[in-house]
Amino acid sequence: MFAIEVENLTKNFNGFVAVDNVSFSIESGEIFGLLGPNGAGKTTTISMLATLLRPTSGSALVNGFELTKRDDDIRKSIGIVFQDQSLDEELTAYENMDFHGRLYRISKTVRQQKIVELLKLVELEEKKNDIVKTFSGGMRRRLEIARGLLHEPKVLFLDEPTLGLDPQTRNHIWEYIENLNKEKGITIILTTHYMDEADRLCDRVAIMDKGKLIASETPEKLKEEIGGDVITITSSEREELYAKLKTLSWVKHVEPHDGFVTINLENAERHVAEIANLSATNGIEIDSISIRKPTLEDVFLHFTGRTIREGEASSKDHMRMIHRMGRR
Amino acid sequence: MDIVYTIWLRNMKRYLRSKSRIVGSLGMPLFFLLVLGFGLNSVVRIPGAGQGYMGFIVPGIVSMSVLFTSVFSGIQIIWDKQFGFLKETLVAPVSRLEIMFGQTLGGATTAFIQGFIILALSLFMGLNVTSVPGFLVASVFMVLIGLSFTAFGIAIASKMEDMHGFQLIMNFVIFPIFGLSGALFPIDSLPSWLRSLTLLDPLTYGVEGIRYGLSGTSQVNPFFGFVVLAGFTVFMVVVGATLFRRIDV
Ligand SMILES: Nc1ncnc2c1ncn2[C@@H]1O[C@H](COP(=O)(O)OP(=O)(O)OP(=O)(O)O)[C@@H](O)[C@H]1O
Ligand SMILES: [Mg+2]
């Protein structure tokens with residue numbers, strides 16, 4: 001059973017194609033990750049699936065309901081935590097939840113009971129009568145997640161659930177997400193540009209870049225696909241190093257970056273010494289060498305030719321993020 | 001109806017919680033009332049007005065308070081848009097019409113309360129309310145001003161991206177509407193070209209209606225005023241609802 005099936009979904013903002021002919025499907029009960037740098041089109045995709053934005057073309061089924069035709073049914077069956085905060089800061093945590101419950105026409109007794117239950121789940125029960133204005137970023141996020149669950153959605157969209165949070169809070173939220181998925185069987189679609197987050201949480205990930213979907217697989221398969229190990233060499237003379245490395249037969253793939261070079265190969269341990277020798281004989285200075293198993297970061301690099309950080313260099317987007325975090 | 005009530009309830013909670021805003025927005029009307037009322041009371045004689053100039057402008061200042069509060073309540077949608085809360089409302093399985101109605105009723109209620117506070121305060125400044133039915137008549141007109149101008153605020157907010165345009169709207173729309181309305185002067189004493197201009201201003205009918213209720217005299221037939229203002233209210237609600245339906249988040 002699919003929770004979501006997307007076919008050739010496209011969004012065109014006055015000539016700018018933010019989402020370009022995207023197709024994928026998500027099984028019921030999965031945690032599905034949508035990865036990509038700033039501006040990749042993740043939020044736009046989610047907004048369309050959540051009925052907030054009208055697709056330019058293409059079609060989608062959400063919980064079996066056809067997008068744009070059965071929007072009301074879709075709305076009842078999904079929950080969403082927006083990338084940008086969407087709480088009423090002047091109301092208390094309880095009142096924010098209560099407002100949501102009333103909007104979704106949950107009866108009073110059920111509403112009261114569920115609000116308490118959910119606030120407990122996100123450890124905000126003691127703060128329930130505090131005005132949201134006094135909450136920290138992490139508390140607000142947890143409240144938003146609790147709110148998104150109040151009407152028992154079958155599918156929960158989480159747009160950058162941990163953006164701008166400290167590592168401890170992120171870990172906390174990851175645990176909630178995992179529990180929700182396991183214990184309540186809620187299908188979760190999350191977007192992130194933290195690769196470790198996707199690696200830890202997701203059963204499957206789709207990599208998105210410039211509006212296009214470029215891969216959609218389990219994290220393991222994706223990592224296997226690029227194969228073997230990754231060696232990262234930092235050196236001020238990366239051009240020379242790159243030219244030399246390219247000629248070696250056991251190197252599967254070399255990629256020069258800003259101040260470092262990455263190499264994909266099998267059995268890296270065996271070749272490190274060789275690389276060191278090669279550089280020494282050619283008079284190339286090496287600052288450091290590290291070996292590791294490939295991460296999703298490497299997968300992203302492999303598919304797009306850029307690290308995710310290079311991908312989000314646009315300062316406008318960066319400003320947006322700062323702005324957003326400042327509001328937290 | 002439950003959704004309309006939910007939106008209304010949120011508006012009430014926010015209103016009652018913002019003590020500083022309640023007091024703050026009473027400031028200007030009270031200032032007008034005191035300065036103009038006491039300042040001009042002994043100088044100005046309004047023909048046919050029983051209670052002096054003070055009694056004459058109380059309805060005007062009450063309308064001012066209702067007008068400003070309601071426009072402001074409607075425009076608050078922009079903040080909801082900017083602070084993201086509007087998305088939470090729009091993604092719920094409710095119709096936008098319900099949201100718009102709730103917001104309009106909420107704004108009208110707060111505006112009515114603000115107007116009522118001014119009215120109550122002016123009792124201490126020598127205003128005599130002649131009758132309970134008269135007060136009810138005034139209330140009906142206050143509610144209509146509240147509804148129509150909250151809807152007006154929502155219409156504006158649906159078209160504006162941020163608060164930058166707010167000042168413009170205040171200076172070029174709201175102040176002229178207030179100024180032309182006969183809140184501060186009797187429209188009968190105007191030159192005829194200016195008088196016809198005031199008769200194009202919907203607030204004029206509100207002010208005159210309230211005046212009729214409170215003092216028993218007015219320069220526009222109150223029943224005619226009611227019909228015009230009610231028509232304007234329906235028109236504004238339709239416009240507001242239409243624009244709000246097209247709002248993008
Ligand atoms: N309403 C809009 N009008 C015009 N362009 C838009 C609009 N919304 C988004 N875009 C553009 O579409 C592209 C994709 O935006 P989107 O917000 O979906 O990216 P994202 O993957 O969510 O990025 P981020 O990681 O920054 O959240 C961006 O280039 C953005 O500027
Ligand atoms: Mg986004």
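All figures in this text were calculated on a predicted structure; none of them were measured in a lab. (Residues numbered from 1 in each chain as written. Chains lettered and ligands numbered in written order. Predicted model: local features only at pLDDT ≥ 70, side-chain atom pairs only at ≥ 80, totals over all residues. Heavy atoms only, no water.)

Quick look at the overall build of chain A
Then, in step 1: The number of helices and strands found in chain A is 13 helices and 14 strands.
Then, in step 2: Taken across its 328 residues, chain A has 55% of its residues classed as buried.
Then, in step 3: Restricting to contacts in chain A with at least 6 residues of sequence separation, those with at least 24 account for 70%.
Then, in step 4: With an accessible surface of roughly 14,600 Å², chain A has 48% of that area assigned to carbon and sulfur atoms.
Then, in step 5: If the 44 positive side-chain charges of chain A are averaged to one point and the 53 negative ones to another, these points end up 6 Å apart. (Helix = DSSP H or I, 4+ residues; strand = E, 2+ residues; numbered from the N terminus. Buried < 20%, exposed > 50% of the residue type's maximum accessible area, 1.4 Å probe, protein only. Contact = heavy atoms within 4.5 Å. Areas by Shrake-Rupley, 256 points an atom, 1.4 Å probe, with all protein chains shown as cover. Lys, Arg positive; Asp, Glu negative; His and termini not counted. Charge placed at Lys NZ, Arg CZ, Asp CG, Glu CD.)

Brief notes about the overall build of chain B
Then, in step 1: The number of helices and strands found in chain B is eleven helices and zero strands.
Then, in step 2: For chain B, the α and β elements follow one another from N to C terminus as α-α-α-α-α-α-α-α-α-α-α.
Then, in step 3: By the compact-globule yardstick of 18 Å for 249 residues, chain B fits well, its C-alpha radius of gyration being 18 Å.
Then, in step 4: Based on the C-alpha atoms only, the size of chain B along its principal axes is roughly 55 × 40 × 35 Å.
Then, in step 5: Burial statistics for chain B: of 249 residues in total, 54% are counted as buried.
Then, in step 6: In chain B, the proportion of contacts linking residues at least 24 apart, taken out of those at least 6 apart, comes to 81%.
Then, in step 7: Of the accessible surface of chain B, which amounts to about 10,500 Å², a share of 72% is contributed by carbon and sulfur atoms. (Rg over C-alpha atoms; globule rule 2.2 N^0.38 Å.)

Observations concerning the sheet that holds strand 3 (residues 31-35) of chain A
Residue and element names in this part refer to chain A.
Then, in step 1: Reading across the sheet, the six strands line up as 6-7-8-3-9-10 and stay open at both edges, with mixed pairing between neighbours. Taken across any chain shown, the strands that pair with only one partner, and hence form the sheet edges, are strand 6 (78-81) and strand 10 (212-217). Strand-to-strand twist across the sheet, computed as the mean angle between neighbouring axes with direction ignored, equals 15 degrees.
Then, in step 2: Judged from the five bridges that link them, strand 7 (residues 155-159) and strand 8 (residues 187-192) form a sheet pairing that is parallel. Residue pairing in the sheet places Asp159 in a bridge with Thr191 of strand 8.
Then, in step 3: The sheet contacts of helix 1 (residues 42-49) involve strand 3, strand 6, strand 7, strand 8 and strand 9 (204-209), and relative to strand 8 the element is tilted by about 150 degrees.
Then, in step 4: Each of strand 9 and strand 10 is contacted by helix 8 (residues 219-226), which is oriented at about 100 degrees to strand 10, the strand it contacts most. (Pairing = 2+ DSSP bridges. Axes fitted to C-alpha atoms, helices over the stretch in contact; angles between N-to-C directions.)

Digging into the site of ligand 1
All names here are of chain A.
Then, in step 1: In the vicinity of ligand 1 there are 15 residues, among which Gly39, Lys42, Thr43, Thr44 and Gln83 approach most closely.
Then, in step 2: Interatomic distance of 2.8 Å between a side-chain N/O atom of Asn38 and an oxygen atom of ligand 1.
Then, in step 3: Thr43 places a side-chain nitrogen or oxygen 2.6 Å from an oxygen atom of ligand 1.
Then, in step 4: For ligand 1, the accessible surface in isolation is 630 Å², of which the surrounding protein chains cover 73%.
Then, in step 5: At the level of secondary structure, the elements contributing two or more residues to the shell around ligand 1 comprise strand 2 (16-27) and helix 1.
Then, in step 6: In terms of residue count, helix 1 provides more of the shell around ligand 1 than any other element does, three residues in total.
Then, in step 7: Residue classes in the shell around ligand 1 are distributed as five nonpolar, seven polar and three charged. (Near = heavy atom within 4 Å. Polar contact = N/O pair within 3.5 Å; in protein donor to acceptor, adjacent residues only side chain to side chain. Nonpolar A, V, L, I, M, F, W, Y, C, P; charged D, E, K, R; others polar.)

Some thoughts on the sheet that holds strand 11 (residues 229-234) of chain A
Residue and element names in this part refer to chain A.
Then, in step 1: The strand order across the open sheet formed by four strands is 12-13-11-14, and the pairing between neighbours is antiparallel. Each edge of the open sheet is held by one strand with a lone partner, namely strand 12 (251-256) and strand 14 (288-292). Direction aside, neighbouring strands of the sheet carry axes that sit 15 degrees apart on average.
Then, in step 2: Taken together, the six bridges between strand 11 and strand 13 (residues 260-265) define a ladder with antiparallel strand orientation. Across the sheet, residue Val230 finds its bridge partner in strand 13, namely Asn264.

Some words on the confidence of the model for chain B
All names here are of chain B.
Then, in step 1: Mean pLDDT over chain B works out to 91, with 98% of the residues at or above the 70 mark.
Then, in step 2: Per-element averaging of pLDDT across chain B places helix 2 (residues 19-41) at the bottom with 86 and helix 11 (residues 222-245) at the top with 96.
Then, in step 3: Predicted complex, confidence summary: ipTM 0.90, pTM 0.85. (pLDDT = per-residue confidence, 0-100.)

Here's the deal with the interface of chain A and chain B
Then, in step 1: With 26 residues of chain A in contact, the opposing surface of chain B contributes 25 residues.
Then, in step 2: Summed over both sides, the interface of chain A with chain B buries roughly 2,600 Å², with 57% coming from carbon and sulfur.
Then, in step 3: Three residues, Phe99, Leu103 and Arg105 of chain A, lead the burial of chain A against chain B; their summed loss comes to 24% of the area buried on that side.
Then, in step 4: The interface formed by chain A and chain B holds eight salt bridges in total.
Then, in step 5: A salt bridge links Arg14 of chain B to Asp88 of chain A, with the nearest nitrogen and oxygen atoms 2.6 Å apart.
Then, in step 6: At the junction of chain A with chain B, the criterion picks out ten residue pairs in polar contact (both at pLDDT 80 or more).
Then, in step 7: For the side of chain A that touches chain B, the secondary structure elements donating two or more residues are helix 2 (71-77) and helix 3 (93-103) of chain A.
Then, in step 8: By residue number, the principal contributor to the side of chain A that touches chain B is helix 3 of chain A, which donates six residues. (Buried area = accessible area lost by both parts, 1.4 Å probe. Salt bridge = Lys/Arg side-chain N within 4 Å of Asp/Glu carboxyl O.)

Re the coordination of the magnesium ion (ligand 2)
Residues and elements named next belong to chain A.
Then, in step 1: For the magnesium ion (ligand 2), the full set of protein donor atoms is Thr43 (OG1) and Gln83 (OE1), and the range of their distances to it is 1.8 to 2.1 Å. Here the residue Thr43 occupies a position in helix 1, and Gln83 occupies one in the loop between strand 6 and helix 3, the gap between them amounting to 40 residues.
Then, in step 2: Given a relative accessible area of 9%, Gln83 falls into the buried group. (Donors = N, O, S within 2.8 Å, 3.2 Å for Na, K, Ca; no water.)

Here we look at the domain arrangement of chain A
Then, in step 1: What the domain assignment lists for chain A is domain 1 (2-219) and domain 2 (228-293).
Then, in step 2: Computed over C-alpha atoms, the centres of domain 1 of chain A and domain 2 of chain A are 41 Å apart. (Domains from an automatic or database assignment.)

Focus: the environment of Asp166 of chain A
Residue and element names in this part refer to chain A.
Then, in step 1: Along the chain, Asp166 falls in the loop between strand 7 and helix 6 (167-184).
Then, in step 2: Owing to a relative accessible area of 40%, Asp166 belongs among the partly exposed residues under this scheme.
Then, in step 3: Remark: the alpha-carbon pair of Asp166 and Gly137, spanning 29 residues in sequence, is separated by 9.3 Å.
Then, in step 4: Only 2.8 Å separates the side chain of Asp166 from the side chain of Thr169, close enough to count as a polar contact.

Quick notes on a nonpolar patch on the surface
Then, in step 1: On the surface, a nonpolar cluster with roughly 400 Å² of combined accessible area is contributed by Phe31, Leu34, Val35 and Phe38 of chain B.
Then, in step 2: When you line up the elements, Phe38 of chain B lands in helix 2. (Patch = residues over 30% accessible without salt bridge, like charges linked within 9 Å, V, L, I, M, F, W, Y side chains within 5 Å.)

Some thoughts on the environment of Asn12 of chain A
All names here are of chain A.
Then, in step 1: Along the chain, Asn12 turns up in strand 1 (residues 2-13).
Then, in step 2: On the basis of relative accessible area, Asn12 is assigned to the partly exposed category, the value being 31%.
Then, in step 3: Along the chain, Asn12 and Arg54 lie 42 residues apart, while their C-alpha atoms are 9.9 Å from each other.
Then, in step 4: Filtering out sequence-adjacent residues up to four positions away, Asn12 remains in contact with Val17 and Thr56.

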